[in-house]
Amino acid sequence: MLEFSKIIFVTDTDTSPGPLAAALLKHHMPLEQVNIDSRGLAVLFPEPMNPKTVAIAASKGLEMNRTSTQLESEDFGQDVLVLVLEESKKQTIYDDYAEAVNVYTLKEYINEEGSINNPDGGELADYAKLYDTLDEVIIKLAHKLKMNRIYSS
């Protein structure tokens, strides 16, 4: 089984790259028994997904039908992996949530540097580039998660 029972991707509003990352990880790890989701740091009320993100995902065969959800204290735990897409958000989580553990940037977790930025307000092509970037990184993440399995005897 995997080292973590839950993986949460965290972004500001939980309407674009976070949910897309979650959908991609579910796509690349369909047989794993792990809860994969996303949350936002500033979700005042549930919002639908960004239509450009939904359109790009749909063109690649991924369905995204959810509304944004606020990150809560209850989301953290020893068996929960929290992945932020932007480097600056990691410290925000540790500052705002006393319960925060196992928080990494997505790229840090796969031994790379940098952030994955939200193309908010950009053209459809910017969202297509986001998809391609996330897909490449998520494939590496899925591989690492599978390599770090915990084998029970």
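Our structure's up above, just so we're on the same page.
Because the structure is a prediction, the values reported are computed rather than measured.

1. Side note on the overall build of the protein chain
(1) Moving on: When helices and strands are tallied, the protein chain shows five helices and four strands.
(2) Moving on: Taken from the N to the C terminus, the helices and strands of the protein chain come in the order β-α-β-α-β-α-β-α-α.
(3) Moving on: Relative to a compact globule of 153 residues, whose C-alpha radius of gyration would be 15 Å, the protein chain shows 15 Å and is just as compact.
(4) Moving on: Evaluated residue by residue, the protein chain yields a buried proportion of 47% over its 153 residues.
(5) Moving on: Long-range contacts, defined as pairs at least 24 residues apart, comprise 72% of the intrachain contacts of the protein chain with a sequence gap of at least 6.
(6) Moving on: Carbon together with sulfur atoms contributes 48% to the accessible area of the protein chain, which is approximately 8,000 Å² in total.
(7) Moving on: Placing the 14 positive and 25 negative side-chain charges of the protein chain at their respective mean positions leaves the two points 6 Å apart.

2. Concerning the pairing of strand 1 (residues 6-11)
(1) Moving on: Counted residue by residue, strand 1 has six buried out of six residues, so it is predominantly covered.
(2) Moving on: The two faces of strand 1 match: Lys6, Ile8 and Val10 on one face and Ile7, Phe9 and Thr11 on the other face are all buried.
(3) Moving on: Judged from the six bridges that link them, strand 1 and strand 2 (residues 35-40) form a sheet pairing that is parallel. In the strand pairing of strand 2, Val10 is matched with Arg39.
(4) Moving on: Taken together, strand 1, helix 1 (residues 17-28) and strand 2 form a β-α-β motif whose crossover is right-handed.

The rules behind the values
- Residues numbered from 1 in each chain as written.
- Predicted model: local features only at pLDDT ≥ 70, side-chain atom pairs only at ≥ 80, totals over all residues.
- Heavy atoms only, no water.
- Helix = DSSP H or I, 4+ residues; strand = E, 2+ residues; numbered from the N terminus.
- Rg over C-alpha atoms; globule rule 2.2 N^0.38 Å.
- Buried < 20%, exposed > 50% of the residue type's maximum accessible area, 1.4 Å probe, protein only.
- Contact = heavy atoms within 4.5 Å.
- Areas by Shrake-Rupley, 256 points an atom, 1.4 Å probe, with all protein chains shown as cover.
- Lys, Arg positive; Asp, Glu negative; His and termini not counted.
- Charge placed at Lys NZ, Arg CZ, Asp CG, Glu CD.
- Pairing = 2+ DSSP bridges.
- Right-handed = clockwise from strand over helix to strand, strands pointing away.

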